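So the chains spell out like this:
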Amino acid sequence: MLILGAILAGGVLAFLAPGAVLWMRPGLQPAFAATMFFVGSLVRPEQLRAFATAPLRVATGVIAQYTIMPLTAAAVSLLFEDPVLRAGIVLVGCLPGAMASNVMTVLLGGDLVLSVSLTTLATLLSPLVLATWLPVLADARVSLPVGPLVWNATWMVVVPVVAGIALRATRRRVPRHWEKTATAIASFAIVLIVLVVVAANREHLLTLGPRLAIGMVALNLAAYALAFAAATAMRWPPRQRRTLVIEVGMQNAGLGSVLALAHLEAGGAVPSAFYTGLCVVTAALALPFRQRLLREE
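Residues numbered from 1 in each chain as written. Predicted model: local features only at pLDDT ≥ 70, side-chain atom pairs only at ≥ 80, totals over all residues. Heavy atoms only, no water.

## Remarks on the overall build of the chain
- Helix and strand counts for the chain stand at 14 helices and zero strands.
- A compact globule built from 297 residues would reach a C-alpha radius of gyration of about 19 Å, and the chain, at 18 Å, matches this within 12%.
- By the burial criterion, 53% of the 297 residues in the chain qualify as buried.
- For the chain, the share of sequence-separated contacts (at least 6 apart) that also reach a separation of at least 24 residues comes to 85%.
- Summed over all atoms, the accessible surface of the chain reaches about 13100 Å², with 70% contributed by carbon and sulfur. (Helix = DSSP H or I, 4+ residues; strand = E, 2+ residues; numbered from the N terminus. Rg over C-alpha atoms; globule rule 2.2 N^0.38 Å. Buried < 20%, exposed > 50% of the residue type's maximum accessible area, 1.4 Å probe, protein only. Contact = heavy atoms within 4.5 Å. Areas by Shrake-Rupley, 256 points an atom, 1.4 Å probe, with all protein chains shown as cover.)

So, in structure tokens, the structure goes:
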């Protein structure tokens with residue numbers, strides 16, 4: 001889990017020497033848009049065809065994700081008084097799945113095609129979800145610029161992802177090592193985002209660290225449990241059930257960090273930055289039990 005080590009090491013560096021990191025803040029949005037283009041280019045044509053032939057499971061999975069996470073995040077946000085922090089926690093719940101969920105799905109023997117389909121559809125729908133849930137669930141004391149926030153989510157996420165998918169679909173061949181390169185670039189961008197958020201919120205982390213950690217862990221574990229319950233209620237087979245659990249619990253918190261830095265006070269980005277590393281850690285804790293999970297099938 002190289003990316004996890006980089007996130008932890010970079011977070012410590014940014015906390016101890018914030019001045020060495022904050023100069024990168026203006027480049028976050030273009031860097032994230034470029035990253036999402038590379039993420040889109042990782043979606044193979046055969047994965048799109050698989051979604052087209054069986055869209056119902058993907059649709060119900062995305063509905064489950066965008067019901068479970070926003071409502072659970074809103075409940076967890078009530079543990080805090082700061083309206084900006086509460087809005088930041090709700091924002092975490094309104095995000096699509098992270099690219100790391102696809103990697104973790106492979107490692108834990110899930111359904112990769114379903115995982116990619118869930119991530120892609122949830123990502124494309126994210127501006128609509130943000131526009132719908134944030135005004136309803138966020139603290140009313142915070143004036144949320146929903147229009148600019150949705151626009152940023154559109155040009156930073158939807159447009160580059162669609163462009164990346166289109167490029168991959170129209171190219172019969174891609175350069176050697178393209179997928180490894182694209183994955184490395186996306187991973188680097190996540191580390192960069194965490195560095196800037198930690199550096200910009202050093203004081204918030206000093207005062208809110210323990211309580212926020214408990215709240216984010218509660219959100220993450222509740223997401224896993226509720227996704228498992230939803231997949232069980234829908235009678236999904238073990239591989240697909242495992243895939244939904246990973247997809248719901250692992251959010252694209254890098255996107256949340258960038259949006260919060262642009263549209264909320266700096267403290268609003270702390271939940272997303274914390275969740276970025278947290279969901280990787282909790283999902284990785286299941287790796288020692290991989291063989292047992294596979295025997296369920």
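Picking up after the structure, the text goes on.
## Examining the packing of helix α4 (residues 55–77) against helix α11 (residues 238–249)
- Two numbers describe how α4 lies on α11: the axes approach to 10 Å, and their chain directions differ by 40°. As the angle between them shows, α4 and α11 are arranged oblique. Between α4 and α11 lies a crossing of right-handed hand. Where α4 abuts α11, its residues Arg-57, Gly-61, Ala-64, Gln-65, Ile-68 and Met-69 lie against Gln-240, Leu-244, Glu-247 and Val-248.
- For the contact of α4 with α11, the residue count by class is five nonpolar, three polar and two charged. (Axes fitted to C-alpha atoms, helices over the stretch in contact; angles between N-to-C directions. Parallel < 35°, antiparallel > 145°, perpendicular 65-115°, else oblique. Left-handed = near helix turned anticlockwise from the far one by under 90°. Nonpolar A, V, L, I, M, F, W, Y, C, P; charged D, E, K, R; others polar.)

## Thoughts on helix α6 (residues 99–107)
- Of all the residues in α6, the buried ones are Met-99, Ser-101, Asn-102, Met-104 and Thr-105.
- Where α6 terminates, the next one or two residues include Gly-109, which has phi positive at roughly 70°.

## Considerations on the packing of aromatic side chains
- For the structure on display, the rule yields one aromatic pair.
- Between Phe-37 and Phe-38, the aromatic rings sit 5.6 Å apart at their centres with planes inclined by 70°, giving edge-to-face as the arrangement.
- The positively charged end of Arg-57 is found above the aromatic ring belonging to Trp-236, 5.2 Å away from the centroid. (Phe/Tyr/Trp six-rings, centres within 6.5 Å; stacked < 30°, edge-to-face > 60°. Lys NZ or Arg CZ within 6 Å of the ring centre and 35° of its normal.)

## Some details on the environment of Pro-210
- Along the chain, Pro-210 falls in helix α10 (residues 202–233).
- Given a relative accessible area of 59%, Pro-210 falls into the exposed group.
- Measuring from C-alpha to C-alpha, the distance between Pro-210 and Ala-262 comes to 25 Å, with 52 residues separating the pair along the chain.

## Re the environment of Ala-33
- Locating Ala-33 in the fold gives a position in helix α2 (residues 28–41).
- When its relative accessible area of 11% is taken as the criterion, Ala-33 is described as buried.
- Residues in contact with Ala-33, not counting those within four places in the same chain, are Trp-155, Met-156 and Pro-160.

## A few points about the packing of α4 against helix α5 (residues 83–93)
- Where α4 meets α5, the axes come as close as 7 Å, and the angle between the chain directions of the two elements is 160°. Taken as axis vectors, α4 and α5 run roughly antiparallel relative to one another. Both α4 and α5 take part in a crossing whose hand is right-handed. Between α4 and α5, the contacting residues are Met-69, Pro-70, Ala-73, Ala-74, Val-76 and Ser-77 on the first element and Arg-86, Ile-89, Val-90, Val-92 and Gly-93 on the second.
- For the contact of α4 with α5, the residue count by class is eight nonpolar, two polar and one charged.

## Looking at the nonpolar core
- In terms of nonpolar packing, the biggest core is built from 90 residues, with Leu-130 and Tyr-275 touching the most fellow members.
- Sorting elements by how many residues they give to this core places helix α9 (residues 178–200) first, with 11 residues.
- Leu-130 has contacts with Leu-91, Cys-94, Pro-135, Leu-149, Val-150, Ala-153 and Leu-259, leaving out every residue within four places of it along the chain. (Core = buried A, V, L, I, M, F, W, Y, C linked by side-chain atoms within 4.5 Å.)

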